[in-house]
Structures are given as C-alpha cells and as structure tokens.
Amino acid sequence: MKLLVTGGAGFIGSNFIRYILRARPGVSVINLDKLTYAGNLENLAGLESHPRYSFIRGDICNRHLVSDIMSGGVDAVINFAAESHVDRSIMDASPFVETNVRGTQVLLDAAVAYWKERLNGRAAAGAERPVIFIQVSTDEVYGSLGPEGRFTEESPLKPSSPYSASKAAADLLALAYHRTHGLPVIVTRCSNNYGPYQFPEKLIPLMITNALEGRPLPVYGDGLNVRDWLHVEDHCRALELVLFRGRPGEIYNIGGHGERPNIEVVQMILRLLNKPESLIRFVKDRPGHDRRYAIDPSKITRELGWRPRYTFEEGLAETVEWYVKNRFWWERIKSGEYREYYMKMYGE
Ligand SMILES: NC(=O)c1ccc[n+]([C@@H]2O[C@H](COP(=O)([O-])OP(=O)(O)OC[C@H]3O[C@@H](n4cnc5c(N)ncnc54)[C@H](O)[C@@H]3O)[C@@H](O)[C@H]2O)c1
C-alpha cells in the first residue's frame, strides 16, 4: 500500500510516518510537505534512505504537483497538512483559509479524478481497494463545552477561532465529496495531542522548554481551560485502524479521557522537572478562548476496537524526558523566527 501523507514533517505527521513504517512492513510513504515554520525534516531524521519512504517538498495547494503525485500511484491520502496554531490564526487568518480549506479542496479534487480513472480502468479486475482519503481534523470544530458533557460525532459544529473554522470548512468539503462524488472519505476529529517533536509554541512543549530554560511559563487567563489530552502515538494507532478498517463517509472522534485544566498540566510538568511554581505567569486570556473540550470516543472503540494505551501521567513523564534528552532539537527552533513571534505574544 502506497500512502500519500501530507504535512508529514510536522508534529503528528512525522510521528505517524515513523509509526506506520515500523508497524506495517507492507506500507510505503510519500511525504508531501511545504516545510512552513512548523515543518522540520529533523523530525524524520534517520528515514532519509529508508526504502519505503520518500519526501517531496511542495504545497498541497499546487494542483499540478498533487495530481502528478497521485497519478504516480497512491492507494490512500492522509491529510495532516495545515496551519495549526490558534494564536497565529487570530493574528492572520489568510494562510489558514488557503492551506486548510483550499489545500484540502485541491487534494480532494485530485483524489476524485484519480479515483474515477482508476476504478474505470480496473473495473474488470475488481477487488482492489480504491484510493481512500482521511481528513485529519480536530475536536476544536465543535467549539466549547460547559462543565458537563462530551463531543460526539453528532455534536453541532460551532468553531470559535479562524483555525477551527477553517478545519470545519475542510471537514464539510471532505464529507460533501463523499456524498457528491462517492469518494471514500473519512474524517477523524482528535483531541489535543502531546508527545515528541511537537513545535514549542503549543502548551506542553512551551511549558517544558521554558521551565528547562528557567524562563516564565505564560498561562492564559485563570488557567482553568480544560483540554482532553492524547498521546500522539495513540492518535497514530487510531488513524491506522481508520485507514484499514474505517467505514467511508464516517466521522470518528478520537480522545483518551484525558481531561485536565491547563494549570494542572503546567504544575505536573514543573513537578516532573523539579522546578518551582513561581515560574508560572498568568497572562491576558486569548480572545474566543474555548473553555472546555472533551471527546466521547465510544464510536471508534465500539467499531474499530481502539483504546488509548498511554495514561496521561505516563505519557507526560515520557514526553518531558524526551524534551530533556533532545535539547538540540528544540533549542534550534526556539532561536529562529519563532523568537520574534514569542516576544510579540508574551513580551519576555
Ligand atoms: N496538534 C494537535 O493537538 C492536533 C489535534 C487534532 C488535530 N490536529 C490536526 O492534525 C494535523 C497535524 O497537526 P500538527 O500538530 O502535526 O501540525 P503542525 O503545525 O506541527 O504541522 C503541519 C505540517 O503541515 C505542513 N504544511 C503547512 N501548510 C502546508 C501546505 N500548504 N502544503 C504542504 N504542507 C503544509 C507544515 O510544513 C507542517 O509540516 C492538522 O491538520 C491539525 O489540524 C492537531
């Protein structure tokens, strides 16, 4: 099986590529990534000469490139490519609409064209699985919850940020391509991920790396916003199951019952690193900041037998250790363009 993985040099995409090459000897991967500020080939170090892996630097909005790659032979597309940081979408939504919405549309169009051609050509041979399209989405499309309840696949879409609105638009396009063109599409909506190779603008790596540098830990508002944390490898295993056993046209929520208020996560990190809570700084809240996310994953558990393997305590301890051991990886990132962005956001 040949997979086209888009955005494979980012956090989840690179973890997925490492995972799937290890778990499935019959799978090969083409990684298409534009290498924005969030894409980093060091996330894939060691795979350069892997016989089942190849990398193409390019944009998912580039119609010709995407069609060329698909017609070279692809069995499934997993679309991770996105602008993914809420704060950046508040500063400028344009790249979010461009990549997350238009880029997804370009991929879907190319998949429809390739899929039709392939099915027509192979109708007599039958049996072979047509190209399938997995749109990797987020629980943020559902908006914010009150203190009770969980998001199910039937929850209404009420995105709060330009980021989540662009992801919701892409989900709807993907599902519409299933209904209109019969493209075998699946949308997955996962809760907040954490783990190795996460860009240090996101909460957990930001707190770990700032603590390691002895810098203040900026916490939005009262710190009581709740996120439902899932280790990235549990997300990758869920995507593997969806890829091989998911039902086309369906949405699958993915979440590991890992609800924690942000402040509790920050305190756990400080304890693991043996650093003082005096490093915590409460900063002005993010506009439109969702109060609580919580995923009901019973559909993927019931239909595909998925369950997370990591508890949050184990996963966080392992992640903290990874950032301690891989200082060279994040120090380089934190000294580049990211430094200017950080100063603009937090000022110190
Ligand atoms: N991080 C999370 O907690 C989380 C949770 C649920 C869903 N998601 C979704 O999972 C996907 C991956 O998230 P992530 O955290 O790994 O993001 P990331 O920002 O770490 O990586 C995104 C990758 O996409 C690439 N990219 C951006 N624009 C591109 C374009 N136009 N063409 C080709 N490549 C492009 C970047 O270079 C980067 O490598 C996203 O779609 C995101 O919405 C993320």
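So, how was this worked out
- Residue positions are given per chain, counted from 1 along the sequence in the order it is written.
- Owing to the predicted nature of the model, reporting of local features is limited to residues with pLDDT of at least 70; listing and counting of side-chain atom pairs is limited to 80 or more, with chain, interface and lining totals taken over all residues.
- Calculated side-chain values reflect all of the structure's heavy atoms, with hydrogen atoms and water omitted.
- Counting from the N terminus, the helices are the DSSP runs of H or I reaching at least four residues and the strands are the DSSP runs of E reaching at least two.
- Burial status follows relative accessibility: with a 1.4 Å probe on protein chains alone, a residue under 20% of its type maximum counts as buried, one over 50% as exposed, and anything between as partly exposed.
- For the purposes of these results, a polar contact is taken to be a pair of N or O atoms within 3.5 Å, where, inside protein, one atom must be able to donate a hydrogen and its partner to accept one; residues adjacent in sequence count only when each atom of the pair is a side-chain atom.
- Whether a residue is near a molecule or strand depends on its heavy atoms: if one lies within 4 Å, it is near.
- Every accessible area reported is derived by Shrake-Rupley at a probe size of 1.4 Å, with residue values counting cover from the shown protein chains alone.
- The convention is simple: Lys and Arg are positive, Asp and Glu are negative, and His and the chain ends are not counted.
- Any carboxyl oxygen of Asp or Glu within 4 Å of a side-chain nitrogen of Lys or Arg constitutes a salt bridge here.
- Two aromatic rings, drawn from Phe, Tyr or Trp (for Trp, its six-membered ring), form a pair once their centres lie within 6.5 Å of each other, and the interplanar angle then sorts them: stacked below 30 degrees, edge-to-face above 60, tilted otherwise.
- Strand pairing requires that DSSP identify at least two bridges connecting the strands.
- Note on geometry: axes are C-alpha line fits, over the in-contact stretch for helices, and angles between N-to-C directions span 0 to 180 degrees.
- Contacts between residues were defined by any pair of non-hydrogen atoms, one from each residue, lying within 4.5 Å.
- For our purposes a nonpolar core is just a set of buried Ala, Val, Leu, Ile, Met, Phe, Trp, Tyr and Cys residues, chained together by side-chain atoms within 4.5 Å.
- Each angle receives one of four descriptions, namely roughly parallel if under 35 degrees, roughly antiparallel if over 145, roughly perpendicular if within 65 to 115, and oblique otherwise.
- By convention, the crossing between two helices is left-handed when the near helix turns anticlockwise from the far helix through less than a right angle, and right-handed when the turn is clockwise.
- Under the scheme applied here, ten amino acids are nonpolar (Ala, Val, Leu, Ile, Met, Phe, Trp, Tyr, Cys and Pro), four are charged (Asp, Glu, Lys and Arg), and all others, including Gly, are polar.

**Student:** Can you lay out the side chain of Thr319 for me, pointing to particular residues and giving the numbers?
**Tutor:** Relative to the elements of secondary structure, Thr319 occurs in helix 10 (residues 312-325). With relative accessibility at 1%, the residue Thr319 sits in the buried group. Engagement of the side chain of Thr319 in a polar contact is seen with the backbone oxygen of Gly315, the distance being 2.7 Å.

**Student:** How would you explain the site of the ligand if you had to name every residue and give the values?
**Tutor:** Around the ligand sit 28 residues in total, of which Ile12, Asp33, Ser84, Tyr163 and Lys167 are the nearest. Leu35 is positioned with one of its backbone polar atoms (N or O) 3.4 Å from an oxygen atom of the ligand. Ile60 is positioned such that a nitrogen or oxygen atom in its backbone is 3.0 Å from a nitrogen atom of the ligand. In isolation the ligand has 840 Å² of accessible area, and contact with the protein removes 96% of it.

**Student:** Summarise the side chain of Asp290; cite the residues concerned and give the values.
**Tutor:** Summarising the element assignment, Asp290 is placed in the loop between strand 13 (280-283) and helix 9 (298-304). Although Asp290 is buried, it forms no salt bridge, and the closest oppositely charged side chain is Arg227 at an N-O distance of 5.4 Å. A polar atom in the side chain of Asp290 sits 2.6 Å from the side chain of Tyr293.

**Student:** Quick one: what's the story with the environment of Gly288, residue by residue and with numbers?
**Tutor:** With respect to the helices and strands, Gly288 occurs in the loop between strand 13 and helix 9. The exposed category is assigned to Gly288, whose relative accessible area is 53%. When the C-alpha positions of Gly288 and Arg227 are compared, they lie 15 Å apart, and in sequence the two are 61 residues distant.

**Student:** Could you give me a rundown of the packing of aromatic side chains, with the residues and numbers involved?
**Tutor:** Evaluated as defined, the whole model comprises 13 aromatic pairs. On the basis of an interplanar angle of 45° and a centroid distance of 5.5 Å, the ring pair of Phe16 and Phe80 is categorised as tilted. One end of the pair, Phe16, is in helix 1 (residues 11-23); the other, Phe80, is in the loop between strand 4 (76-79) and helix 3 (86-91), with 64 residues separating them in the sequence. On the basis of relative accessibility, which here comes to 11%, the residue Phe80 falls in the buried class.

**Student:** Quick one: what's the story with the sheet that holds strand 6 (residues 185-190), residue by residue and with numbers?
**Tutor:** The strands making up a sheet are joined through hydrogen bonds of the backbone, oriented either antiparallel or parallel. Ordered in space as 3-2-1-4-5-6-11, the 7 strands form an open sheet in which the pairing is parallel. The outermost strands of the open sheet, each flanked by one partner alone, are strand 3 (53-57) and strand 11 (251-254). Sheet twist, expressed as the average angle between the axes of neighbouring strands with direction ignored, equals 20°. The pairing of strand 2 (residues 28-33) with strand 3 spans 5 bridges and is classified as parallel. Pairing of Leu32 across the sheet is with Ile56, part of strand 3. Contacting strand 1 (2-6), strand 2, strand 3 and strand 4, helix 2 (residues 63-71) runs over the sheet at an angle of about 175° to strand 2.

**Student:** Now, about the nonpolar core: what can you tell me, with residues and values included?
**Tutor:** Leu3, Phe16, Ile17, Val29, Ile78 and Ile300 are the most contacted members of the largest nonpolar core, which has 36 residues in total. With 7 residues, the single largest contributor to this core is helix 7 (residues 232-245). Excluding anything up to four places from it in sequence, Ile300 contacts Ala238, Val242, Tyr252, Asn253, Ile254, Gly305 and Trp306. With 33 residues, the next largest nonpolar core counts Val74, Val77, Val112 and Leu175 among its residues.

**Student:** Account for helix 6 (residues 203-213), with residues named and values stated.
**Tutor:** Within helix 6, 9 of the 11 residues are buried, leaving the element largely enclosed by the surrounding structure. Residues of helix 6 that are buried: Ile204, Pro205, Leu206, Met207, Ile208, Thr209, Asn210, Ala211 and Leu212.

**Student:** Describe the packing of helix 1 against helix 7, listing the residues and the values that go with them.
**Tutor:** Put simply, helix 1 and helix 7 touch, their axes get as near as 9 Å, and they point 60° apart. With respect to helix 7, the element helix 1 is oriented oblique. Like other packed secondary-structure pairs, helix 1 and helix 7 cross with a definite hand, here right-handed. Contacts from Phe11, Ile12, Asn15, Phe16, Tyr19, Ile20, Arg22 and Ala23 in helix 1 reach Val232, Glu233, His235, Cys236, Arg237, Leu239 and Glu240 in helix 7. When grouped by side-chain class, the residues that make up the contact of helix 1 with helix 7 number 9 nonpolar, 2 polar and 4 charged.

**Student:** Describe the pattern of salt bridges, naming the residues involved and giving the relevant values.
**Tutor:** Inspection of every chain in the model, using the stated rule, returns 22 salt bridges. Arg88 is paired through a salt bridge with Glu201; the nearest N and O atoms lie 2.8 Å apart. Pair noted here: Arg88 is in helix 3 and Glu201 is in the loop between strand 7 (193-194) and helix 6, with a separation of 113 residues, a long-range link. Accessibility classification places Arg88 together with Glu201 in one group, the buried group. Across the salt bridge formed by Arg189 and Asp171, the nearest N and O atoms sit 2.8 Å from each other. With Arg189 in strand 6 and Asp171 in helix 5 (residues 162-181), this pair connects stretches of sequence that are 18 residues apart.

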